[in-house]
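# Understanding the architecture of this molecule
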Amino acid sequence: MQDIRPDTSHVVIDAHGLQCLIDALSQDGRRVVGPTVRDEAIVYDDIAGLGSLPRGWTDRQEAGRYALERREDEACFGYVVGPHSWKKFLFPPVETLWKARREDDGTMAVSRPERPADRFAFIGVRACEIEAIAIQDRVFEQGPYTDTAYAARRSDAFIVAVNCGQAGGTCFCVSMETGPRATHGFDLALTEMIEGAEHRFLVEIGSEEGRSVMAQVPHVRADEARIGAASAIVERTAAQMGRHLDTDGLKELLQGNLEHPRWDDVADRCLTCANCTMVCPTCFCSTVEDHSDLANREAERVRKWDSCFTMDFSYIHGGSVRASTASRYRQWMTHKLANWIDQFGTSGCVGCGRCITWCPVGIDLTQEAAAIRATPGEGRS
Amino acid sequence: MTARPKLAVWKFASCDGCQLSLLDCEDELLAVAGAVEIANFPEASSAIVEGPYDLSLVEGSITTPHDAERILAVRKQSKFLVTIGACATAGGIQALRNFADVKDFVAAVYASPQYIDTLATSTPISAHIPVDYELHGCPINKAQLVEVISAFLAGRKPAVPAHSVCIECKQRGSVCVMVQGTPCLGPVTHAGCGAICPAYRRGCYGCYGPMETPNMPALARGWRELGADGRDIRRALRSFNAWAEPFRKESAAHDD
């Protein structure tokens, strides 16, 4: 094993090295989270090491369907993306914003929670997920107001990306130009390489912090052949996309078809259950609930994930603005794929396919967009 | 100190589980007793203070001519009336009689059916009187009950979302059992339980009744794709909330 040379951006580690990497991050006081098998799925949770990873497992995904299967090898990252995304750590589903207490003298004392304690290390972040985090950064950090708790968790997070070795049935990152290779936004990026009994990871170093962590991990220099082989793996993945979304003029297409009959067609199938928005790694909407106690002395405001599919979401005096299912599905899809561009400068979709896989009735936004493209200009008579 | 609001708890056809949620509040129970005067709650105390009452909690459904009269008197004595549980809000499991002839049940169950004076149907309280607020669930969630009482005392709207169980399921981090092949009523069911069953790898049983905008035919199609037949769908919908209109209507669509 050699030290990393200052000009070296690629090194190679083995499975033991991966364990050392996790150990180094943990010893640095980080909360290490990554993929693990639970409830017959690959979810993101706290991991202790190689034993926590979904070694030898893969996932099979289609619209409204997800199943785990054994792989023929012992790959640690031989799956695509599961029901969870990293947003559950950076933007928790339930978070207390502040508490207030009425003191005996009638004054009010307001307290805010301490700065988040967790310094995360994310293991196994896919290229589409890095893009999703970047999109949420724009929402929470780069607008006129900063979500300070998000910003604190985000700036502390150490990101170990994994380039995808295979695509899933609902993947379309190639269409959205967000993957399958992680090109930025990581501290380290792994490409898993299994050839016979040899199990290696090419590690691309993406930050100075990543470089200093790798100094604690046994590794060897990567040669050109190894780097080329890793590129070939990602290129093969890019050719395997299970879904395709034609983004050419998509914003104008959707914005110009707000009365298309397809919205009623999808409304006939849509459950308005909100699963698509919950699993979406970029959906950022929340609601606040105010609670007061029985003695009317203490109150708190709690923020929870919300969805444009609920009636409360668009409730104003007199009722919900988007009462019909058609209007709610249209709101979600036109925001995600079109109006997001006007609002934030990029699409709100990263092509991860979660909304397709985790829709209980398998509604596929790539198909919905294609259906509108096939018969544009159809309006309600 | 101003007088505490007077609380009454009323029971109609029910199992008592929902009103016992109030006694089950444990840590909050003393706070409840401190915040309101428990004026009429036979499960808790035989001491009964006369009405009118500021807040009435009503459990149970209307199944007898006597109860159909009694609920009118309860309404008259109650400034604010909240129905609690699937019986009071939807007719309960006993509303299964609504799908059959109650005389057959009476004849099958009772040795002397002539003593039974019952109605042909079990109906929710809201079918008989105006109701100010409905708290769903079989049984209700005691945290939501405390929330409703706290909101009443503070003069605010209770934070009791009417969206699907799926949102609670996802907030909890559970994996969707339906996508993994298990039929689940979660997408059409009112939140409130905290998505307990999917967390234990079971499909939702619909204990909290229909959510705000349930798309029943779409869910039924999804169930059939997973191998459920009409009987499975009908039986799943005909439980504690069988007489809630969206569940009733969809279950009838799967009658053989």
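Residues numbered from 1 in each chain as written. Chains lettered and ligands numbered in written order. Predicted model: local features only at pLDDT ≥ 70, side-chain atom pairs only at ≥ 80, totals over all residues. Heavy atoms only, no water.

As annotated in an unreviewed UniProt entry, chain B carries the name Oxidoreductase and is attributed to Novosphingobium malaysiense.

What chain B contains, in helices and strands, is 11 helices and 5 strands. Computed over the C-alpha atoms, the radius of gyration of chain B is 19 Å, within 12% of the 18 Å expected from 2.2 N^0.38 for a compact globule of 256 residues. With 256 residues in all, chain B has 52% of them scored as buried. Put simply, 71% of the contacts in chain B that link residues at least 6 apart link residues at least 24 apart. Taken as a whole, chain B presents about 11200 Å² of accessible surface, with 56% of it coming from carbon and sulfur. Of the charged side chains in chain B, 24 are positive and 27 negative, and the gap between their average positions amounts to 4 Å. (Helix = DSSP H or I, 4+ residues; strand = E, 2+ residues; numbered from the N terminus. Rg over C-alpha atoms; globule rule 2.2 N^0.38 Å. Buried < 20%, exposed > 50% of the residue type's maximum accessible area, 1.4 Å probe, protein only. Contact = heavy atoms within 4.5 Å. Areas by Shrake-Rupley, 256 points an atom, 1.4 Å probe, with all protein chains shown as cover. Lys, Arg positive; Asp, Glu negative; His and termini not counted. Charge placed at Lys NZ, Arg CZ, Asp CG, Glu CD.)

Residue and element names in this part refer to chain B. Contact pair helix α9 (residues 216-225) / helix α10 (residues 230-237): the axes reach a minimum separation of 10 Å and the direction vectors enclose 130°. One finds that α9 runs oblique with respect to α10. In this structure, α9 meets α10 at a crossing whose hand is right-handed. On the side of α9, the interface is formed by Met216, Ala220, Trp223 and Arg224, while α10 contributes Gly230, Asp232, Ile233, Ala236 and Leu237. When grouped by side-chain class, the residues that make up the contact of α9 with α10 number 6 nonpolar, 1 polar and 2 charged. (Axes fitted to C-alpha atoms, helices over the stretch in contact; angles between N-to-C directions. Parallel < 35°, antiparallel > 145°, perpendicular 65-115°, else oblique. Left-handed = near helix turned anticlockwise from the far one by under 90°. Nonpolar A, V, L, I, M, F, W, Y, C, P; charged D, E, K, R; others polar.)

To continue, consider the domain arrangement of chain B. Residues and elements named next belong to chain B. As far as domains go, chain B holds domain 1 (6-154) and domain 2 (165-253). The distance between the C-alpha centroids of domain 1 and domain 2 comes to 25 Å. Between domain 1 and domain 2, roughly 1300 Å² of surface is buried when both sides are summed, and carbon and sulfur atoms account for 64% of that area. Of all residues in domain 1, Phe99, His136 and Cys138 give up the largest surface area on contact with domain 2, accounting jointly for 39% of the area buried on that side. On the surface where domain 1 and domain 2 come into contact, there are 0 salt bridges. Where domain 1 meets domain 2, there are 4 residue pairs in polar contact (both at pLDDT 80 or more). When the residues that make up the side of domain 1 that touches domain 2 are grouped by side-chain class, the tally is 10 nonpolar, 8 polar and no charged. (Domains from an automatic or database assignment. Buried area = accessible area lost by both parts, 1.4 Å probe. Salt bridge = Lys/Arg side-chain N within 4 Å of Asp/Glu carboxyl O. Polar contact = N/O pair within 3.5 Å; in protein donor to acceptor, adjacent residues only side chain to side chain.)

Before going further, it helps to spend a moment on the nonpolar core. Residues and elements named next belong to chain A. Among the nonpolar cores identified, the biggest contains 67 residues, and Phe122, Tyr329, Trp332, Met333 and Leu365 are the most heavily contacted of them. Sorting elements by how many residues they give to this core places helix α3 (residues 127-140) first, with 8 residues. Formed jointly, this core draws a minimum of three residues from each of two domains, domain 1 (10-96 + 116-238) and domain 2 (250-286 + 306-374). Cys20, Leu25, Leu68 and Val203 belong to the second-largest nonpolar core, a separate cluster that totals 61 residues. (Core = buried A, V, L, I, M, F, W, Y, C linked by side-chain atoms within 4.5 Å.)

Take the pairing of strand β1 (residues 6-11) of chain B next. Residues and elements named next belong to chain B. Taken across its 6 residues, β1 has 5 buried, putting it largely inside the fold. When β1 meets strand β2 (residues 37-40), the two strands line up parallel, connected through 3 bridges. Within the sheet, the bridge partner assigned to alanine 8 lies in β2 and is asparagine 40. Relative to strand β3 (residues 53-59), β1 runs parallel, the two sharing 5 bridges. (Pairing = 2+ DSSP bridges.)

All right, on to the domain arrangement of chain A then. Residue and element names in this part refer to chain A. Domain assignment breaks chain A into domain 1 (10-96 + 116-238) and domain 2 (250-286 + 306-374). Across the boundary between the two partners, domain 1 contributes 29 residues, which contact 29 residues of domain 2. With both sides pooled, the region where domain 1 packs onto domain 2 buries about 2200 Å², and carbon together with sulfur makes up 64% of that total. Seen at the junction of domain 1 and domain 2, the total is 1 salt bridge. For arginine 354, the salt bridge goes to glutamate 129, with nearest N and O atoms at 2.4 Å. Across the contact surface, domain 1 and domain 2 share 20 residue pairs in polar contact (both at pLDDT 80 or more). Those elements that provide at least two residues to the side of domain 1 that touches domain 2 are β4 (57-62), β5 (65-70), α3 and α5 (173-176). Top contributing element to the side of domain 1 that touches domain 2 by residue count: α3, with 9 residues. Among the residues making up the side of domain 1 that touches domain 2, the classes are represented as 15 nonpolar, 8 polar and 6 charged.

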